[in-house]
Amino acid sequence: MMAKVTKITKTILTDVIRKRPANSFKGTYGKIALIGGSRNFGGAIIMASLAAVYSGAGLVTTITDPSNQTSLHDWLPEAMFVDWDQFEQAEPIIKAADVVVIGPGLGTDNHAFDILTKVFGLAHKDQKLVIDGSALTLLASNNLSLPKDSTNILTPHQMEWQRVSGIKIADQTPDTNQAAVQKLNAITVVKSHRTQVYADGQIFENTGGTPAQATGGMGDTLAGMVGGFVAQFSDTPKAVLAAVYSHSAIADKLAEKQYVVLPHQISESLPKFMHKHQAE
Ligand SMILES: NC(=O)C1=CN([C@@H]2O[C@H](COP(=O)(O)OP(=O)(O)OC[C@H]3O[C@@H](n4cnc5c(N)ncnc54)[C@H](OP(=O)(O)O)[C@@H]3O)[C@@H](O)[C@H]2O)[C@@H](O)CC1
Ligand SMILES: Nc1ncnc2c1ncn2[C@@H]1O[C@H](COP(=O)(O)OP(=O)(O)O)[C@@H](O)[C@H]1O
Ligand SMILES: [Mg+2]
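Residues numbered from 1 in each chain as written. Chains lettered and ligands numbered in written order. Predicted model: local features only at pLDDT ≥ 70, side-chain atom pairs only at ≥ 80, totals over all residues.

- Taking an unreviewed UniProt entry as the reference, the protein is identified by name as ADP-dependent (S)-NAD(P)H-hydrate dehydratase belonging to Lentilactobacillus otakiensis DSM 19908 = JCM 15040.
- In its Cofactor (unreviewed entry) section, the UniProt record describing the protein reads: "Mg(2+)".
- In UniProt, the protein has this text filed under Sequence similarities (unreviewed entry): "Belongs to the NnrD/CARKD family." (UniProt positions renumbered as here; feature names shortened; annotations may be inferred.)

As structure tokens, this is what we get:
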């Protein structure tokens, strides 16, 4: 059987991105907790946090290794910081979050695994959980089940998807991927030079993207954007599609004049890009 694949085009932007109502406040645009950033991978959670704030999330907390606090605030004074070793401080923030993004730079040691299982244990029906990077690798290597009540969104690159689904990269096709996604109960973004999104039994393919994006941190940035979009826009599958499309559309535009596009430049372009593509 050949599965039907629908292209993601520019119309997704005005479909999803709305002019902000005057009568609103930061709480209207979602509380996000981003969890990751070991001592060596601090940049990953900083890039994800930057993407969440610049895509318009109302209130952002970064839960990370304490060694990242100063650089996080240097890049992003808008984010609150919580030391991931003080879990009693992190727990109420994770519970209250509308969206939790876990995995960028999380690492795969026992400490990381402990945090991941705690976050899965706290997930609830009013929460969206974006699972990226090391969290996907841990999910696969420990055969964890995804939380049942939250809306789960996975953002694997092809090797992470191989680990999670068991499908070798060469065998990853819309049909094989779709069958694996149906067992997982998660919206799944399989990232590549032409990223595909599996949501609600449908398959979508991105139409943008450039090799100028092939640099570390580009996926961490997408994870933060997905978090920021699903925090603000109520149709979750469409918000994921709009985040995927925006990430590559901004990169394509910058790549007209740049050899390489840096992840933080995508985040910094988001406020103007979203302004331009908002609908009444
Ligand atoms: N500044 C920071 O702090 C940064 C921190 N980061 C954090 O590091 C953690 C580990 O994440 P990771 O993706 O770097 O490593 P891993 O999970 O081992 O996968 C790589 C393996 O898969 C293979 N591969 C095959 N196809 C592929 C594809 N399409 N896309 C990608 N890889 C593909 C690939 O093949 P190779 O390149 O060797 O040919 C290699 O063997 C994670 O938490 C992440 O958030 C990074 O974001 C960087 C910036
Ligand atoms: N050649 C390419 N064309 C289009 N997009 C690309 C290309 N190479 C990488 N990307 C994009 O960059 C991101 C890479 O994600 P990932 O491998 O998780 O990066 P990292 O973990 O280093 O942040 C994905 O969104 C992918 O679609
Ligand atoms: Mg990644």
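Considerations on the sheet that holds strand S6 (residues 128-131)
No. 1: Spatial strand order, S1-S10-S9-S8-S7-S6-S5-S2-S3-S4: 10 strands in an open sheet with mixed pairing. The open sheet is flanked by strand S1 (5-8) and strand S4 (80-83), the only strands paired with a single partner. Taken pair by pair, the neighbouring strands of this sheet meet at an average axis angle of 20°, ignoring direction.
No. 2: Of the strand pairs in this sheet, S6 and strand S7 (residues 151-154) are connected by four bridges, and their pairing is parallel. Residue pairing across strands places Lys128 opposite Thr151, the latter belonging to S7.
No. 3: Against the sheet, helix H2 (residues 42-54) touches strand S2 (31-35), strand S3 (59-64) and strand S5 (99-102), its axis set at about 175° to S3. (Pairing = 2+ DSSP bridges. Helix = DSSP H or I, 4+ residues; strand = E, 2+ residues; numbered from the N terminus. Axes fitted to C-alpha atoms, helices over the stretch in contact; angles between N-to-C directions. Contact = placed C-beta atoms within 7 Å.)

A look at the nonpolar core
No. 1: Counting 83 residues, the largest nonpolar core has Ile32, Leu34, Ile35, Val100, Val101, Val226 and Val240 as its most contacted members.
No. 2: Setting aside its immediate chain neighbours within four residues, Val100 contacts Ala33, Ile35, Ile94, Val119, Gln127 and Leu129. (Core = buried A, V, L, I, M, F, W, Y, C linked by C-beta atoms within 7 Å. Buried ≥ 20, exposed ≤ 12 C-beta atoms within 10 Å, placed from the backbone.)

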